[in-house]
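Given next are the chains, with one letter for each unit.
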Amino acid sequence: MIFHPLSAATADIPVRMNNPFYYEPDVLCRTAANEVQCRIAEATPDFKAEVDQGKMFGVLIVRWKGALGYLAGYSGQICGRSDWPDFVPAVFDYLQLNGYFKQHEAGISALNERIDTLENSAELRKARQEWYDIVHEAEKEIAAFKAAAKREKEGRPKELTPDMIRRSQFLKAELHRMKQHLALQIADKKAIVDKIEAEIKALKTQRHQQSDALQNWLFSHFVMFDSHGNQQDLLRIFSPMTPPAGSGECCEPKLLQYAFSHQMQPVSMAMFWWGASPRDEIRHHLQFYPACNGKCKPILKWMLRNIDIEENPLERASQQALEWIYEDKDIVVVCKPVGMLSVPGKIQRENVRSLVRQRHPEATGPMIVHRLDMATSGLLVVALNLKSYIDLQCQFEEHSVQKRYVALLSRPHHGARSGQICLPLRPDLHDRPRQIVDAVHGRKAVTNYQQTGENRMNLYPLTGRTHQLRMHCAHADGLNNPIKGDELYGTRAERLYLHAEELSFVHPGTGERMHFERHADF
C-alpha cells in the first residue's frame, strides 16, 4: 500500500507546508518516519543489507479523499529496484532490462572497456617505451657527436687552414644529417603511439557524445507535475543549465510527484538518513536533513510554486545591529551578529560590507578581507583602503593573524581535550554550500582545538576554508560532534553556537599589534 493512513489531532496538522530546505520535523512527520524506520528494520535481508550502507529516506504527509496519511520514499534505487512495496515508485523507471536506457548504457560500458583495454595495453606500453628509448638514445648520440666536435675544435690552431674549414663544414652537415635521420626514426615510433592514442581519444569523444545524448534522453523523460497538474521535464526546469546527474531521483521530488499525480494535497515532509555515514560528507543515522540545493532546489521550486510554504528564516534580514568595535582611517573592526551576511548575496539584504560603506563612504578597494558564515557571529576586520586590504590579506595568507572561535558542541566531548584536525575540504558541487572531505581534490584545512568545558571548545583555524570549523567538528574523522544548532551538519537549534571570539593582527598603517576580544553570549 502506498498511502499509509495516520490519525492526528487537529492541533498537529500544520497550517502551511514546511520548507523542505529549512525545517524542524513536526509531530506527524516524526510519527511517519518512526513507522518507516520500523519497516526498514524488519525488511528483507537484501534490502536491509544495502540500506545499512547508507540511504536517504523521506516521508510526505498528505490529505487524500478526506483522510490524512503519508507517503514514503527513498533516493535512487535499492538493490537496483525503484518499485519496492510501501514506497512511492520512481518518477521515471528507466531500469527495464531490455529498455532504451539499459541498451545504450551497455554501449557506453563497452566503450569504457575498450578505452580501458587500450590505455592499459601491452601494445601501448611497448610503443611508448620504444619511443622514449629512441628519443633518449638520439639525445645521447647527438650530445656525443657535439662533444667530439667541440674537442676537435678546441685542438685547432687559431689560424684555420682550408682543410680545417672544410672539416668544420663537414661536421655541421653531418650533425644536420644525423638529426634528420634520428628525427625520422623518432617520428616512426611516435606515429605508432599517436595512432593508439588517437583511437583512445576518438573513443572518449564518442563516449562523451553518447553519454550526453543518453542523459538528455533521460532528463526529457523525467516529466514533473505541480499541484495544478502542469507538467515540465527536467531539461526545461533547469534551463539554461544542464541538470546534475541523478536529478529527479531524490526522495523529495519522487514523493511530490506521486502526490500531485494522484491529486493528493501535501501537508509537510521530512527526510532522514539510514545507515552508515559516508566517508566524505556528514550524514548520521536517523538524523533529519534538508533537501539538497543542486539537484532538488530547481525541481522543488517548480513543483511547489503554487503551494503556500513556510518562509526560510535564514533569508530574513538580521534583527540585530552590527556592533562597531574599533575605527580609524585604515580599518574597522566589527562584531557581526547571527544572521547577517559578510558580503552582499543573491538576495538584497543588509551585510557587513554595505553597512561599513554607508558609515565610511570614503572607503575604497574590496574592503572585506575575511568572512564569517551568516550563521556565525563574531569579530571581523574590514579594510577601508586598498593598501590596508593588501596588507591584511598578506597577513591572512601568511597565517600571522590569530583567531579564536568558541563553540558549543551538540553533546559532551569525551575524546582528547586538545589536538589538531586535518581534513581537506571542497564544495559539494551538487549541494552548495555544503562541504565534503576529499583527500584527492580537497584543499588543506587545519584546525587546532582545546576543550574548555563539557561540550565547550575553543577552535583555532590555521586555514580559512568554507565551513571548516563546522565540518571538522561534525565529521567522523574530526571531533565527530556537530556544533550545536548546525542545521547543515547536525541538528537545528535557536542559533548556530559558533562565535569568533578573538582576533589579533598587525595594524596595516601603524605596524602595531592589535588585539580584540568579544566573548560569546552563550
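Fair warning: this is a prediction, and the values are worked out from it, not measured in the lab. (Residues numbered from 1 in each chain as written. Predicted model: local features only at pLDDT ≥ 70, side-chain atom pairs only at ≥ 80, totals over all residues. Heavy atoms only, no water.)

**Looking at the sheet that holds strand β1 (residues 4–5)**
Okay, step 1: Pairing in this open sheet of five strands is antiparallel, and the strands run β1-β3-β2-β6-β7 from one edge to the other. Both edges of this open sheet fall to β1 and β7 (288–289), since each of them pairs with a single strand only.
Okay, step 2: Taken strand by strand, helix α1 (residues 27–41) contacts β1, β2 (55–64), β3 (67–74), β6 (265–274) and β7, and its axis lies near 45° from that of β6.
Okay, step 3: Docked against the sheet, helix α7 (residues 251–261) engages β2, β3 and β6, running at close to 25° with respect to β2. (Pairing = 2+ DSSP bridges. Helix = DSSP H or I, 4+ residues; strand = E, 2+ residues; numbered from the N terminus. Contact = heavy atoms within 4.5 Å. Axes fitted to C-alpha atoms, helices over the stretch in contact; angles between N-to-C directions.)

**A few points about the packing of helix α4 (residues 122–154) against helix α5 (residues 162–221)**
Okay, step 1: Axis separation between α4 and α5 bottoms out at 9 Å; the angle between their running directions is 170°. With respect to each other, α4 and α5 are oriented roughly antiparallel.
Okay, step 2: Here the residues of the contact of α4 with α5 sort into 18 nonpolar, one polar and 12 charged. (Parallel < 35°, antiparallel > 145°, perpendicular 65-115°, else oblique. Nonpolar A, V, L, I, M, F, W, Y, C, P; charged D, E, K, R; others polar.)

**Focus on the domain arrangement of the protein**
Okay, step 1: The assigned domain composition of the protein is domain 1 (4–92 + 224–313), domain 2 (104–218) and domain 3 (317–517).
Okay, step 2: For domain 2 and domain 3, the distance between their C-alpha centroids amounts to 52 Å. (Domains from an automatic or database assignment.)

**Remarks on the pairing of β2**
Okay, step 1: Of all 10 residues in β2, eight are buried, a share of seventy percent or more.
Okay, step 2: In this structure, β2 lies alongside β6, joined through nine bridges in antiparallel fashion. Considered in β6, the bridge of Val-59 is made with Ala-270.
Okay, step 3: Sheet analysis places β2 next to β3, joined by eight bridges and oriented antiparallel. In the sheet register, Val-59 faces β3, and the bridge partner there is Ala-72.
Okay, step 4: Hairpin connection between β2 and β3: a loop of two residues separates the two successive antiparallel strands, and Lys-65 in this loop has a positive phi of roughly 50°. (Buried < 20%, exposed > 50% of the residue type's maximum accessible area, 1.4 Å probe, protein only.)

**Some points on the side chain of Asn-458**
Okay, step 1: Of note, Asn-458 is situated in strand β16 (residues 456–461).
Okay, step 2: Ignoring any residue separated from it by four or fewer positions in sequence, one finds Asn-458 in contact with Arg-404, Tyr-405, Val-406, Asn-448, Tyr-449, Gln-450, Thr-452 and Glu-501.

**A word on the packing of aromatic side chains**
Okay, step 1: In total, this model carries 17 aromatic pairs according to the counting rule given.
Okay, step 2: Seen in terms of ring centroids, Tyr-94 and Phe-222 are 6.4 Å apart; in terms of plane orientation they differ by 55°. Their pairing is tilted. Pair noted here: Tyr-94 is in the loop between β3 and α3 (100–119) and Phe-222 is in the loop between α5 and β4 (223–225), with a separation of 128 residues, a long-range link. The same class applies to Tyr-94 and to Phe-222, which are both buried.
Okay, step 3: Connected via pairs of aromatic rings, a cluster forms that spans Phe-47, Phe-57, Tyr-74, Trp-84, Phe-87, Phe-272 and Phe-288.
Okay, step 4: Positioned above the aromatic ring of Tyr-289, the side-chain terminus of Arg-283 is 4.7 Å from the ring centre.
Okay, step 5: Over the ring of Tyr-497 we find Arg-495, and its NZ or CZ is 5.7 Å from the ring centre. (Phe/Tyr/Trp six-rings, centres within 6.5 Å; stacked < 30°, edge-to-face > 60°. Lys NZ or Arg CZ within 6 Å of the ring centre and 35° of its normal.)

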